[in-house]
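Listed here are the chains, written in short residue letters.
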Amino acid sequence: MKATIEARAKINITLDILSRRPDGYHEMRMIMTEAPLCDIISIDTQTGARDVISSNLSFLPSDGRNVALAAAHRFFESASIQSGGISINIHKRIPVAAGLAGGSSNAAAVLKALNEMYGNPLDREQLFAIAAEIGSDVPFCLLGGTAMAEGRGERLKPLPSLPDCKIVLCKPSLSFSTRAMFEKIDCSRIRNRPDTEGVLKALESGDLGGIARRLYNVFENFLPEGKRDILSIKTMMLDEGALGAVMSGSGPTVYGIFNNSDYAKRAYDKLRENYLTVFMN
Ligand code: C5P
């Protein structure tokens, strides 16, 4: 069986870190939505050869350390299916280690596709349990849309979609490790937190301005090197008419929300003069 699927990136509308848990993870409260950016994944389940994963990025792991192949193995194991030699190819467009859940989106897309290809042997609960084992953002990527995520990210509540808008994403040439970013967090030093309730109300009423004004990520208060780049991208976006701009996830990608496509295009062009990795919808 063969399939070609899209794996959508995510962005954080809000990101709040409530506490550090005894297991080392952090209790989160985040509103996330799909970003207008995806990887393309081709799957062949019956190559008759050993399981392989490849991509257009040579530095990505090409074995079970790649979460997309790990997801396939967990699927076969849980569904008691013998792999016929799976081949997964990922055409990556989502920047890696960028706060956009690129790897998690790949794992979620593979899980969902395999379950459909094999006639849904796993129910929703089983799929989400595997997703949460693979990584904290994988359950959201499996759900898609717009949602509140709590716990490590596995407790999800679907929310109304982000109203129609233009989104410009820009990644400075830095890579932040999620683990290293969390290690910098001292929850007792978080003074400002997102207005999560305000964003929920604005989503309910489809108030794009009310959402964009409240974009907030507590990681921005604990930035390592690169703070200047992140602030300068935000300023460029706001100067060009963004309704709001914020870093996504553990960074360093920054995105801005626009209600005017000319403003979004101007911001895109200006950012392209300074940065290599810029996208817009
Ligand atoms: O779950 P995932 O593998 O994406 O997490 C990567 C790292 O980020 C974890 O090893 C952990 O150090 C940190 N993390 C955390 N709290 C979360 C999610 C991730 O501390 N809620």
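Since the model is a prediction, treat every value here as computed from it, not as a measurement.

**Points about the overall build of the chain**
- Of regular secondary structure, the chain possesses nine helices and eleven strands.
- In terms of its C-alpha atoms, the chain occupies a principal-axis envelope of roughly 55 × 40 × 35 Å.
- Within the span of the chain, comprising 281 residues, buried residues form 52% of the whole.
- Intrachain contacts of the chain at a sequence separation of at least 6 include 73% that bridge at least 24 residues.
- As presented, the chain carries roughly 12,800 Å² of accessible surface, and 46% of it is formed by carbon and sulfur atoms.
- Charge-centre separation for the chain: the mean point of 33 positive side chains lies 4 Å from the mean point of 32 negative side chains.

**Points about helix H8 (residues 227-239)**
- Counted at 1.5 Å a residue, the expected span for H8 with its 13 residues is 18 Å, and the 18 Å between its end C-alpha atoms agrees.
- Every buried residue of H8 is accounted for by Ile-230, Ile-233, Lys-234, Met-236 and Met-237. Seen end-on, H8 carries its buried residues on one side only, within an arc spanning 160°. Among the exposed residues of H8, those pointing more than 90 degrees away from its buried face are Arg-228 and Asp-239.
- On its buried side, H8 packs onto strand S7 (166-171), strand S9 (244-247), strand S10 (254-258) and helix H9 (261-274).
- Gly-241 sits one or two positions beyond H8 and adopts a positive phi of about 105°.

**Notes on the site of the ligand**
- Taken together, Gly-24, Tyr-25, His-26, Met-28, Gly-135, Ser-136, Arg-152, Thr-178, Arg-179 and Phe-182 make up all the residues around the ligand.
- When the free accessible area of the ligand is taken as 450 Å², the share hidden by the protein chains comes to 78%.
- Listing elements by their share of the shell around the ligand, those giving two or more residues are strand S2 (26-44) and helix H5 (178-183).
- Looking at the shell around the ligand residue by residue, the classes come out as three nonpolar, five polar and two charged.

**Remarks on the side chain of Lys-234**
- Among the secondary structure elements, Lys-234 is positioned in helix H8.
- Excluding residues that lie within four positions of it along the chain, Lys-234 makes contacts with Glu-220, Ala-245, Val-246 and Val-254.

**Regarding the pairing of strand S4 (residues 87-91)**
- Burial of S4 is one-sided: the residues Ile-88 and Ile-90 facing one way are buried, the residues Ser-87, Asn-89 and His-91 facing the other way are not.
- In terms of strand pairing, S2 meets S4 through five bridges, oriented antiparallel. Looking across to S4, one finds that Ser-42 is bridged to Asn-89.
- As for the winding sense of the linkage, the β-α-β connection from strand S3 (residues 52-55) through helix H1 (residues 67-78) to S4 is left-handed.

How each quantity is defined
- Residues numbered from 1 in each chain as written.
- Predicted model: local features only at pLDDT ≥ 70, side-chain atom pairs only at ≥ 80, totals over all residues.
- Heavy atoms only, no water.
- Helix = DSSP H or I, 4+ residues; strand = E, 2+ residues; numbered from the N terminus.
- Buried < 20%, exposed > 50% of the residue type's maximum accessible area, 1.4 Å probe, protein only.
- Contact = heavy atoms within 4.5 Å.
- Areas by Shrake-Rupley, 256 points an atom, 1.4 Å probe, with all protein chains shown as cover.
- Lys, Arg positive; Asp, Glu negative; His and termini not counted.
- Charge placed at Lys NZ, Arg CZ, Asp CG, Glu CD.
- Expected span 1.5 Å × (residues − 1).
- Arc of directions from axis to C-beta.
- Near = heavy atom within 4 Å.
- Nonpolar A, V, L, I, M, F, W, Y, C, P; charged D, E, K, R; others polar.
- Pairing = 2+ DSSP bridges.
- Right-handed = clockwise from strand over helix to strand, strands pointing away.

Coordinates in, geometry out; function isn't part of it.
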